[in-house]
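# Remarks on the overall topology
These are the residues of each chain, in order.
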Amino acid sequence: MWLGKLSETGTVLDRPCWQIVQPILDQVKEVHPGGLVFGLARDLGADTELSLAAASVCEMFYAACSVTDDLQDGDTDEYLGHLPMSLRINSQIQLLSLVAVRFQEVVERIPQPNCQELVQEVYRTLSVMLTGQRMEILRAPWDIGVYETVARLSAGEQFATYMKIASVCADRKPEAYCRFGNAVGVCLQVLADIETADTRLTALPGEYVSLLLLKVTDELSQAAMLCENEFVTTEAERLLERCCGAQQSL
């Protein structure tokens, strides 16, 4: 909705550009963390409008990270196959730029002082993610330890930032929620790779993958308990149930 309204003015985003950015958002509509961010921010006491705006920033950032990963892996044909590579890159960079515009609007409305660094935090996270993706692309060396490092850099740091945004919007100390977000991100990465039989994991010994999954589920349980929050507990239980199913499939 925000992008649609922005495209009506044509000053930052015109309608043709909006139309090539929209498929990137559509691609992640079932998996992006916006609902998690909105739910936590509201549960912690942030008002509905600010929670929704923060969630939309995280949705856009997640989509930008996702298309960046897909461009590097050659996986954008499914939803951007109607575009030449030049316009695929154009839409990816434009979406990242729009994240900054949207997030600055959000930060200006957060009641907590000294939160300007949150915008920098988002782009620091992107740089960290790209570091992890470089390691994944080269895979030299590649073992369970490197895989875990990549998962923490690419997904753990990203979800830690989402939880930080949610907690700061509610004027809460973010440390425990960042730890929870980090654990959620790593779990989701490992689960996704198990469920899709990704070569990042199928190339590794199954017993090592099983041990890693046990490790990250324990981290998730511990992190959720530290938050002492019913919303977090419920979300953790859902994810732990999924982890249990994945463990049985190994």
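Residues numbered from 1 in each chain as written. Predicted model: local features only at pLDDT ≥ 70, side-chain atom pairs only at ≥ 80, totals over all residues. Heavy atoms only, no water.

The secondary structure content of the protein amounts to twelve helices and zero strands. Traced from its N-terminal end to its C-terminal end, the protein shows the element sequence α-α-α-α-α-α-α-α-α-α-α-α. C-alpha atoms of the protein, sized along the principal axes, occupy 55 × 45 × 25 Å. The buried share among the 250 residues of the protein stands at 52%. (Helix = DSSP H or I, 4+ residues; strand = E, 2+ residues; numbered from the N terminus. Buried < 20%, exposed > 50% of the residue type's maximum accessible area, 1.4 Å probe, protein only.)

This part takes up the nonpolar core. Phe103 and Phe180 are the most contacted members of the largest nonpolar core, which has 86 residues in total. In terms of residues, this core owes the most to one element, helix α4 (residues 48-73), which gives 14 residues. Here Phe180 is in contact with Met163, Leu220, Ala223, Ala224, Cys227, Val232, Glu235 and Ala236, once residues within four sequence places are set aside. (Core = buried A, V, L, I, M, F, W, Y, C linked by side-chain atoms within 4.5 Å. Contact = heavy atoms within 4.5 Å.)

Moving on, we get to the packing of aromatic side chains. One pass over the structure, following the stated rule, counts four aromatic pairs. Measuring from centroid to centroid gives 6.3 Å for Phe61 and Tyr162, while their planes differ by 80°, and the two rings are edge-to-face. Taken together, the positions of Phe61 in helix α4 and Tyr162 in helix α8 (residues 144-169) put the pair 101 residues apart, joining distant regions of the chain. Like Tyr162, Phe61 is buried. Arranged with centres 6.2 Å apart and planes meeting at 90°, the rings of Trp142 and Tyr147 form a pair that is edge-to-face. Judged by its relative accessible area of 2%, Tyr147 falls in the buried class. Here the aromatic residues Phe61, Tyr62, Phe159 and Tyr162 are joined through ring pairs into a cluster of three or more. One residue, Arg139, lies across the ring of Trp142, its end atom 5.3 Å from the ring centre. (Phe/Tyr/Trp six-rings, centres within 6.5 Å; stacked < 30°, edge-to-face > 60°. Lys NZ or Arg CZ within 6 Å of the ring centre and 35° of its normal.)

All right, on to the pattern of salt bridges then. Oppositely charged side chains are able to pair whenever their charged atoms sit close together. Under the definition given, this model contains 13 salt bridges. Between Arg152 and Glu219 there is a salt bridge whose closest N-O contact spans 2.9 Å. Linking Arg152 in helix α8 with Glu219 in helix α11 (residues 206-227), this pair joins segments that are 67 residues apart in sequence. One salt bridge connects Arg238 with Glu235, and the closest N-O pair in it is separated by 3.1 Å. Taken as a pair, Arg238 and Glu235 lie in helix α12 (residues 230-249) at a separation of three residues, close to a single helical turn. The exposed category is assigned to Arg238, whose relative accessible area is 55%. Assessed through its relative accessible area of 22%, Glu235 is described here as partly exposed. (Salt bridge = Lys/Arg side-chain N within 4 Å of Asp/Glu carboxyl O.)

What follows concerns the environment of Cys65. One can find Cys65 in helix α4. Among the residues examined, Cys65 registers a relative accessible area of 3% and is labelled buried. In this structure the C-alpha to C-alpha distance between Cys65 and Ala53, which are twelve residues apart in sequence, comes to 18 Å. Contacts of Cys65, omitting those with residues within four sequence positions, involve Leu126, Met129, Gln133 and Gln158.

Right, let's talk about unusual backbone geometry for a bit. Put simply, Ala140 and Pro141 share a cis peptide bond, and its omega is 5°. As for its placement among the helices and strands, Pro141 is situated in the loop between α7 (117-138) and α8. Although it is not a glycine, Arg139 adopts a positive phi angle of roughly 45°. Classification of Arg139 by relative accessible area gives partly exposed; the value is 32%. Unusually for a residue other than glycine, Glu228 sits at a positive phi of about 50°. Note that Glu228 resides in the loop between α11 and α12.

Interpretation in functional terms is not warranted from these geometric data alone.
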